[in-house]
Amino acid sequence: AAFPGVPHGTLYTIIMAAAAADGAEESGMEVEAPELPLGCGGEGGSPAAGSSPQGEERRDPPQASVSNGGEGEGGRELVELKVIWNKNKYDVRFALDSTGAELKQKIHSLTGLPPAMQKVMFKGLLPEEKTLREIKVTNGAKIMVVGSTINDVLAVNTPKEAAQQEVKAEENKKEPLCRQKQHRKVLDKGKPDDVMPSVKGVQERLPTVPLSGMYNKSGGKVRLTFKLEQDQLWIGTKERTEKLPMGSIKNVVSEPIEGHEDYHMMAFQLGPTEASYYWVYWVPTQYVDAIKDTVLGKWQYF
């Protein structure tokens, strides 16, 4: 018989559920009643506002990450640098825990200068193996860069190389420099009392203090000061100090002193010929390569 107000489909569902329950009670089984549709017109109702479907957790929308301006990708601490090269200035944000070698790569991307041809200065020549944090680079620090691009080098390298080869060939024809009369009159005075200690078989960076305790060709005391920020070599004597742009020095030659191989005699070529050599005696051997690299730049080996 029909029940007034109850749709036919719903009545059938109720009858079938009751029959299943009776059968389950006879067999001793528990039966879970089916969930009846809610709402009207046979359509299922929607979950209450703020609730989640069964078996799912409610998740809040993801929050946007916020940077305080001092960190970069991966949370690395950054510093603001001013890189200055060839009258150009670049504002750079760089990781404080990056090394000097990595900074040279960044400078390469900005200027086109290959790392091997860069002289990077921050309170002296920048060490490639140390991080900016270790050498105490601070926010707003100025980084000075000296160097020439490949094109600049190629434009002047050929005649300079030829001049160096001619000088070396001429030197090979002569007797050792330390035996020549003009040098013997200085070397025969003996080692200066205040000469700097030497370390044979070791190459070191230039010290932060001037190289002193040496003689010039007249036998007077001389010191060498490397002003890297200004790209200058200062040659000082008791009478005066000559301030030479490193780019004006055409060549640097050196030779161990016989009987004292841990010291060298060294000359800076200030003009086109040997007559312009400025000689310095009793240079500690551990600084010889560093002097050549600083004055001529590493690109001299290309």
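Because the structure is predicted, anything quoted here is derived from the model rather than measured.

Close approach of charged atoms allows side chains of opposite charge to pair. Applying the stated rule across the entire model yields eleven salt bridges. In this structure, arginine 179 and glutamate 258 form a salt bridge, with 2.9 Å as the shortest nitrogen-oxygen distance. Residue arginine 179 is located in the loop between helix H3 (150-173) and helix H4 (181-187), and its partner glutamate 258 is located in the loop between strand E9 (251-257) and strand E10 (260-269); the two are separated by 79 residues in the primary sequence. According to the relative accessible area criterion, arginine 179 is partly exposed, its value standing at 47%. With a relative accessible area of 38%, glutamate 258 lands in the partly exposed category. With its nearest N and O atoms 2.9 Å apart, the salt bridge here joins glutamate 242 to arginine 240.

Summed over the entire model, instances satisfying the criterion amount to three aromatic pairs. Here the aromatic rings of tyrosine 263 and tryptophan 282 are separated by 5.8 Å at their centres, their planes lie at 70°, and the arrangement is edge-to-face. Note that tyrosine 263 is positioned in strand E10 and tryptophan 282 in strand E11 (residues 277-284), a separation of 19 residues in sequence. Each member of the pair, tyrosine 263 as well as tryptophan 282, carries the same accessibility label: buried. The interplanar angle of 75° and the centroid separation of 5.8 Å between the aromatic rings of tyrosine 277 and tryptophan 279 together place this pair among those described as edge-to-face.

It helps to recall that an α-helix has 3.6 residues per turn; residues three or four apart then point in one direction. A rise of 1.5 Å per residue sets the reference length of helix H2 (residues 100-111), with its twelve residues, at 16 Å; its end C-alpha atoms lie 16 Å apart and thus fit the reference within 8%. Regarding H2, the residues found buried are Gly100, Leu103, Lys104, Ile107 and Thr111. The buried side chains of H2 occupy one side of the element, clustering within an arc of 105° when seen end-on. Looking at the buried positions of H2, the neighbouring elements they touch are strand E1 (78-85), strand E2 (88-95), strand E3 (119-121) and strand E4 (141-146). Positive phi appears at glycine 112, one or two residues downstream of H2, with a value of about 85°.

This paragraph deals with the pairing of strand E5 (residues 211-216). Extensive coverage of E5 is indicated by the burial of five of its six residues. Bridging between E5 and strand E6 (residues 221-227) involves three bridges; their strand directions are antiparallel. When the bridges of E6 are listed, methionine 214 appears paired with valine 222. Linking two consecutive strands that pair antiparallel, namely E5 and E6, is a turn of four residues; a positive phi of about 85° is found at glycine 219 within it. Looking at chain direction, E5 and E11 are connected through two bridges and run antiparallel. Counted as the bridge partner of asparagine 216 is valine 280 from E11.

Reading the values: the criteria
- Residues numbered from 1 in each chain as written.
- Predicted model: local features only at pLDDT ≥ 70, side-chain atom pairs only at ≥ 80, totals over all residues.
- Heavy atoms only, no water.
- Salt bridge = Lys/Arg side-chain N within 4 Å of Asp/Glu carboxyl O.
- Helix = DSSP H or I, 4+ residues; strand = E, 2+ residues; numbered from the N terminus.
- Buried < 20%, exposed > 50% of the residue type's maximum accessible area, 1.4 Å probe, protein only.
- Phe/Tyr/Trp six-rings, centres within 6.5 Å; stacked < 30°, edge-to-face > 60°.
- Expected span 1.5 Å × (residues − 1).
- Arc of directions from axis to C-beta.
- Contact = heavy atoms within 4.5 Å.
- Pairing = 2+ DSSP bridges.

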